[in-house]
Amino acid sequence: MKHGIGAVAGSALILGFVFIYAPIALLILFSFNDSRLVTVWGGFTTRWYAGLLENEALMGAAWNSLRVGVASATVATVMGTLIALALARFGRFRGRGLLAAMAFAPIVMPEVITALSLLLLFVAVDLDRGALTITLAHAAFTTGFAAAIIGARLAGFDRSLEEAAMDLGAPPLLAFAQVTLPLIAPAIAAAWALAFTLSLDDLVIASFTSGPGSTTLPMRIYSQMRLGVSPDINAVGTLIVLVVTAAVLAATVALKHGERAGAG
Amino acid sequence: MSRRDSYGRATRWAVLAPPVVFLVALFVIPFLLIARISLSHSVRAQPPYAPQYEGGGVAGAWRLIGELDLENYATILSDDLYLSAFLTSLRIAGIATLLLLLIGYPMAYGMARARASLRPILLALMIVPFWTSFLIRIYAWIGILKADGLINQALLALGLIGAPLEILNTEAAIFIGVVYAYLPFMVLPIYAVLAAQDRALLEAAADLGAPPWLSFWLVTVPLSFPGVAAGCLLVFIPCVGEFVIPDLLGGSETLMIGRQLWSEFFGNRDWPTASAIAVLMVIVLIIPFLLLRRLESRGEEALR
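Residues numbered from 1 in each chain as written. Chains lettered and ligands numbered in written order. Predicted model: local features only at pLDDT ≥ 70, side-chain atom pairs only at ≥ 80, totals over all residues. Heavy atoms only, no water.

**A few points about a nonpolar patch on the surface**
Part 1 of the reasoning: A cluster of nonpolar side chains, B:Ile95, B:Leu98, B:Leu99, B:Leu102 and B:Ile103, forms an exposed patch at the surface whose accessible area comes to about 430 Å².
Part 2 of the reasoning: Looking at the element boundaries, B:Leu102 is found in helix 4 (residues 80-112). (Patch = residues over 30% accessible without salt bridge, like charges linked within 9 Å, V, L, I, M, F, W, Y side chains within 5 Å. Areas by Shrake-Rupley, 256 points an atom, 1.4 Å probe, with all protein chains shown as cover. Salt bridge = Lys/Arg side-chain N within 4 Å of Asp/Glu carboxyl O. Helix = DSSP H or I, 4+ residues; strand = E, 2+ residues; numbered from the N terminus.)

**Some points on the interface of chain B and chain A**
Part 1 of the reasoning: Listed by partner, the interface residues are 90 residues for chain B and 88 residues for chain A.
Part 2 of the reasoning: Across the chain B to chain A interface the summed buried area is about 8300 Å²; carbon plus sulfur atoms make up 79%.
Part 3 of the reasoning: When the buried area of chain B at its contact with chain A is split by residue, B:Tyr7, B:Trp131 and B:Tyr139 rank highest and sum to 10% of it.
Part 4 of the reasoning: Our count for the chain B to chain A interface comes out at 1 salt bridge.
Part 5 of the reasoning: The shortest N-O distance in the salt bridge between B:Asp247 and A:Arg226 comes to 3.6 Å. (Contact = heavy atoms within 4.5 Å. Buried area = accessible area lost by both parts, 1.4 Å probe.)

**Overview of the side chain of A:Thr135**
All names here are of chain A.
Part 1 of the reasoning: Tracing the sequence through the fold places Thr135 in helix 6 (residues 131-156).
Part 2 of the reasoning: Accessibility expressed as a relative area gives 14% for Thr135, which makes it buried.
Part 3 of the reasoning: Among all residues touching Thr135, those that are not within four sequence positions of it are Val68, Ala71 and Ser72. (Buried < 20%, exposed > 50% of the residue type's maximum accessible area, 1.4 Å probe, protein only.)

**Some remarks on the nonpolar core**
Part 1 of the reasoning: Grouped together as the largest cluster of nonpolar side chains are 176 residues, with contacts concentrated most on A:Leu99, A:Leu116, A:Phe208, B:Ile245 and B:Leu261.
Part 2 of the reasoning: For this core, the element with the highest residue contribution is helix 8 (residues 171-196) of chain B, accounting for 14 residues.
Part 3 of the reasoning: Apart from residues no more than four positions distant in its own chain, A:Leu99 is found in contact with A:Ile83, A:Ala86, A:Leu87, A:Phe93, B:Leu16, B:Val20 and B:Leu23. (Core = buried A, V, L, I, M, F, W, Y, C linked by side-chain atoms within 4.5 Å.)

**Considering the environment of B:Arg36**
All names here are of chain B.
Part 1 of the reasoning: Looking at where Arg36 falls in the secondary structure, it is placed in helix 1 (residues 9-37).
Part 2 of the reasoning: Accessibility expressed as a relative area gives 18% for Arg36, which makes it buried.
Part 3 of the reasoning: The spacing of Arg36 and Ala276 is 240 residues in sequence and 9.2 Å in space, taken between C-alpha atoms.
Part 4 of the reasoning: With sequence-adjacent residues up to four places away left out, Arg36 is seen in contact with Tyr49, Pro51, Gln52, Tyr53, Leu64 and Leu68.

**A short note on the packing of helix 9 (residues 199-207) of chain B against helix 10 (residues 212-223) of chain B**
In a pair of packed helices, the angle between the axes and the distance between the axes together describe the arrangement.
Residues and elements named next belong to chain B.
Part 1 of the reasoning: Between helix 9 and helix 10, the least distance of the axes is 10 Å, while the angle of their chain directions is 160 degrees. As the angle between them shows, helix 9 and helix 10 are arranged roughly antiparallel. Classified by chirality, the crossing of helix 10 by helix 9 is right-handed. Of helix 10, the residues touching helix 9 (which contributes Leu201, Leu202 and Ala205) are Ser215, Val219, Thr220 and Leu223.
Part 2 of the reasoning: Residues that form the contact of helix 9 with helix 10 fall into these classes: 5 nonpolar, 2 polar and no charged. (Axes fitted to C-alpha atoms, helices over the stretch in contact; angles between N-to-C directions. Parallel < 35°, antiparallel > 145°, perpendicular 65-115°, else oblique. Left-handed = near helix turned anticlockwise from the far one by under 90°. Nonpolar A, V, L, I, M, F, W, Y, C, P; charged D, E, K, R; others polar.)

**Structural notes on the confidence of the model for chain A**
Do not read the predicted coordinates in detail wherever pLDDT is low.
Part 1 of the reasoning: Model confidence for chain A is summarised by a mean pLDDT of 88, while 95% of its residues fall at 70 or above.
Part 2 of the reasoning: Within chain A, the element-level pLDDT minimum falls on helix 11 (residues 231-263) of chain A, averaging 78, and the maximum on helix 9 (residues 204-209) of chain A, averaging 96. (pLDDT = per-residue confidence, 0-100.)

**Re the side chain of B:Gln197**
Residue and element names in this part refer to chain B.
Part 1 of the reasoning: Positionally, Gln197 belongs in the loop between helix 8 and helix 9.
Part 2 of the reasoning: Among the polar contacts made by the side chain of Gln197, one reaches the main-chain carbonyl oxygen of Thr220 at a distance of 3.3 Å.
Part 3 of the reasoning: In contact with Gln197, other than residues within four places in its own chain, are Arg113, Thr220, Leu223 and Ser224. (Polar contact = N/O pair within 3.5 Å; in protein donor to acceptor, adjacent residues only side chain to side chain.)

What follows is the structure, given as structure tokens:
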């Protein structure tokens, strides 16, 4: 279709991608701008990046975010795998719909609600707010995403492989470890990566559930953003975009590779 | 061998117990707590709400329940500030959803009808930004939209405007931010439905003499409805409670309910009112949420 609807859709696609990528490109470009006035070009510099390394508050916040991200993504991936397995393999058990609703609701739930509810829990059980509470909160809100990714993979491959293993006498745990796990491993990796990036990026839930001394990177960036644009934020933003893009590309390649292996 | 029998009782329990305990502890109980604290009142103490459970078993619990009331709800529902924040949020989320559909549908259609070799690349291009920092992507728009930002610089340089346009800190900036941040959530479900559509139906329509626009309207669009509905709900629900976008792009005058909750909590330290706002938000969103669950479980059925 080179005319009519096809042409409209084609141009929409091109314009849409320009809309999606132009702001990111500009953010990166102006992180190398040697002028405090972020959007007025004043020559090329890398001094904002050098400045970041000396910014101890920012580095400390980045370290907090990294620790919380690794721990919460791990918990979310384990829980997400179990949920996906139950939903995909246990048929129509009682409470199946309820389990799915509990797991997937946080994906669409406005963050302020999730954040407030978790804070109230931590206060009620008298848990000191800090890295641990942020980790638990992040694990809770990213589990649904992990379950969705792994569930899609489980639905996509032939379960007769597992059943064959079990018919041949393998106990379920062995069939899972030998047959299922290798097939869904790429999805598990992707789920972990998504949970990690969501945790690394979250402002609202971390703000509610953190305590003194446990400021995360987005909280730090946000408090600077409220004062207006500044070249430091452009530099941090550029680094985050580059790291995450590299991770996503690696995960995509792994997933594609795994799919081919799984289909074979 | 029937599918149900493949897994023994013990296996099922071992798989189900950890996530059920986890979700009940970190999703169900926190929700009940929101409901309970929304019925309390705010005090200067730690934690800042009363009454508290002070032991005494069942009798103590009864006394506590006796002291709870609906005062926060009465205040919220009679205060124009909160009501207009709710209505503004619903209106902004509704208009943003419509804009997303108008922009997202043609993009999804373009992706679904692209050459098969091109599709994975387009899909990756759509997904990658969703993974990169939401906060940073919203921040990027401040530099573009502000008074001495890039759009105004460009328009002034071209002589199209005489004075800078005020875009940042208006509702227009919120719409730009929401469309920008939520686009993949609209495009991907529509794309999934369009890509799975049977092209033979279009050929049949063409054989029967329908011009392309007519078969698009009578075949493609109605069949893509589940994707459209899922996309709309996926963006509408979180958008109603959105905090970051109105806070960074909308300026101080746009009252959205998520921001109101935030300032009750952090500004006024009024946890009970913040909880009551959250409960009301859940009540408002419960119908769209149930619709989404129905669509999702139908999708799961289709995969079986």
